[in-house]
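Below are the chains, spelled out letter by letter.
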Amino acid sequence: MRRPRKRSRKNTSAMKLVGALVANFREAAGMTQKELAHRALLHLEMIASIEQGRRLLKPDLARLLDRILDTKGALETAVANMPEIDLIPAWAEEYMDLEREAVALSWFENQVLPGLLQTENYAQAVFLSKVPAMSEDEIVAQTAKRLERQEILHQKEPPTISFVISEAILRDRLGSDAVYTEMLRHLRVCASLPGLTLQVMPLGRHTHAGLDGPFILVETPDHQHLGYAETQRGSQLVSDPDEVSILAQKYAMLRTQALNSEQTKGLLDRLLGEQ
């Protein structure tokens, strides 16, 4: 199976250095990777990936490991002084890695189209809406990165992906009327892609399982189940099985409350007919 091209990272060497520090401090504390993962309430694979420099050590986890390993803030200081990760915020880097390799994704959005479904013009409109404003070069680069992520939809064996999106997203005309029409056409095509299911949560419901905001469920190649949610200036990767189960229950309910895939296609057809 062809895998999407990996993004180049400017701070690969720094990630390996920080990973080596984690490994050294862990061994000095007389712990195995499994023991450290248990103490930190993480999966063993995450500790292994960090130590091998394949996964970014985020500041909150660095602080936790400093406490567990009694390293007097050494890891937090190392992370704080790492070079910037090219164009992707550090808090989104870990999710990008998971998304590239996922065997299944379940995605709920209520404000903007998921990045995997955005057209080039729609993505540019999203970045043009950012506050503070981005430079033209930044917008071009960020848009290219976003479109690159969409390679996973067209792999020989694509992941199984389910989207539930609010009807409000389909009513907004982000960018312009032309961008809006192009977006609807693109969604109609995506709705028929192998392994992809698109459902719209209609406006005017009396109940709604997603009032706490958007989130993503990820199944990794080794069938680990994780949750991910972004805030205005950060993100949360959820690995605790009980918490992931709550998100999975929310998503299951959202799918029953949303239009089914055929009804969603009908709605898109109707909206296109109004253009």
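From a predicted model like this one, the values you see are computed outputs, not experimental measurements.

Spatial strand order, β3-β2-β1-β4-β5-β6: 6 strands in an open sheet with mixed pairing. Every interior strand has two partners, whereas the edge strands, β3 (196-201) and β6 (235-238), have only one. Shown here is a sheet whose adjacent strand axes are inclined to one another by a mean of 10°, direction ignored. Note: strand β4 (residues 215-219) against strand β5 (residues 225-230), 4 bridges, orientation antiparallel. Its bridge partner being in β5, E219 is matched across the sheet by H225.

Further remarks concern the nonpolar core. One finds L57, L105, F163, I165, L170, L187 and L198 to be the most contacted residues of the largest nonpolar core, which totals 59 residues. The element best represented in this core is helix α10 (residues 177-190), accounting for 6 residues. Not counting residues up to four positions away in its chain, the partners in contact with F163 are W107, P114, L116, L117, L196, T197, L198, Q199 and Y251. Judged by nonpolar contacts, the second largest core, of 12 residues, contains F215, L217, V244 and L254.

Time to look at the packing of aromatic side chains. In total, this model carries 5 aromatic pairs according to the counting rule given. Aromatic side chains F108 and F215 sit 6.1 Å apart centroid to centroid with 50° between the ring planes, which places their arrangement in the tilted category. Of this pair, F108 sits in strand β1 (residues 104-109) while F215 is found in strand β4, placing the two residues 107 residues apart along the sequence. Classification of F215 by relative accessible area gives buried; the value is 5%. Relative to Y251, the ring of F215 has its centre 6.3 Å away and its plane inclined at 80°; by these criteria the two rings are edge-to-face. One end of the pair, F215, is in strand β4; the other, Y251, is in helix α11 (residues 241-257), and 36 residues separate them in sequence. Here the aromatic cluster, defined as three or more aromatic residues joined through ring pairs, consists of Y95, W107, F163 and Y228.

The predicted coordinates should not be examined in detail at positions where pLDDT is low. Looking at the protein as a whole, its pLDDT mean stands at 89, while 92% of the residues score no less than 70. Note that residues 1-10 has pLDDT below 50 and, in this model, 34 contacts with residues that lie over four places away or in other chains.

What follows concerns the packing of α10 against helix α12 (residues 261-273). Where α10 contacts α12, the two axes come as close as 10 Å, and the packing angle between them is 150°. Judged on the interaxial angle alone, α12 and α10 are roughly antiparallel. Handedness of the α10/α12 crossing: left-handed. Contacts between α10 and α12 pair Y180, T181, L184, R185, L187 and R188 from the former with K265, L268, D269, L271 and L272 from the latter. Along the lines of polarity and charge, the residues of the contact of α10 with α12 split into 6 nonpolar, 1 polar and 4 charged.

Where burial is concerned, most of strand β2 (residues 160-166) is hidden: 6 out of the 7 residues are buried. Bridge count between β1 and β2: 6 bridges; the pairing is parallel. Paired with W107 across the strands is F163, a residue of β2. Pairing geometry for β2 and β3, over 6 bridges, is parallel. Paired with I165 across the strands is V200, a residue of β3.

What counts, and where the lines are drawn
Residues numbered from 1 in each chain as written. Predicted model: local features only at pLDDT ≥ 70, side-chain atom pairs only at ≥ 80, totals over all residues. Heavy atoms only, no water. Pairing = 2+ DSSP bridges. Helix = DSSP H or I, 4+ residues; strand = E, 2+ residues; numbered from the N terminus. Axes fitted to C-alpha atoms, helices over the stretch in contact; angles between N-to-C directions. Core = buried A, V, L, I, M, F, W, Y, C linked by side-chain atoms within 4.5 Å. Buried < 20%, exposed > 50% of the residue type's maximum accessible area, 1.4 Å probe, protein only. Contact = heavy atoms within 4.5 Å. Phe/Tyr/Trp six-rings, centres within 6.5 Å; stacked < 30°, edge-to-face > 60°. pLDDT = per-residue confidence, 0-100. Parallel < 35°, antiparallel > 145°, perpendicular 65-115°, else oblique. Left-handed = near helix turned anticlockwise from the far one by under 90°. Nonpolar A, V, L, I, M, F, W, Y, C, P; charged D, E, K, R; others polar.

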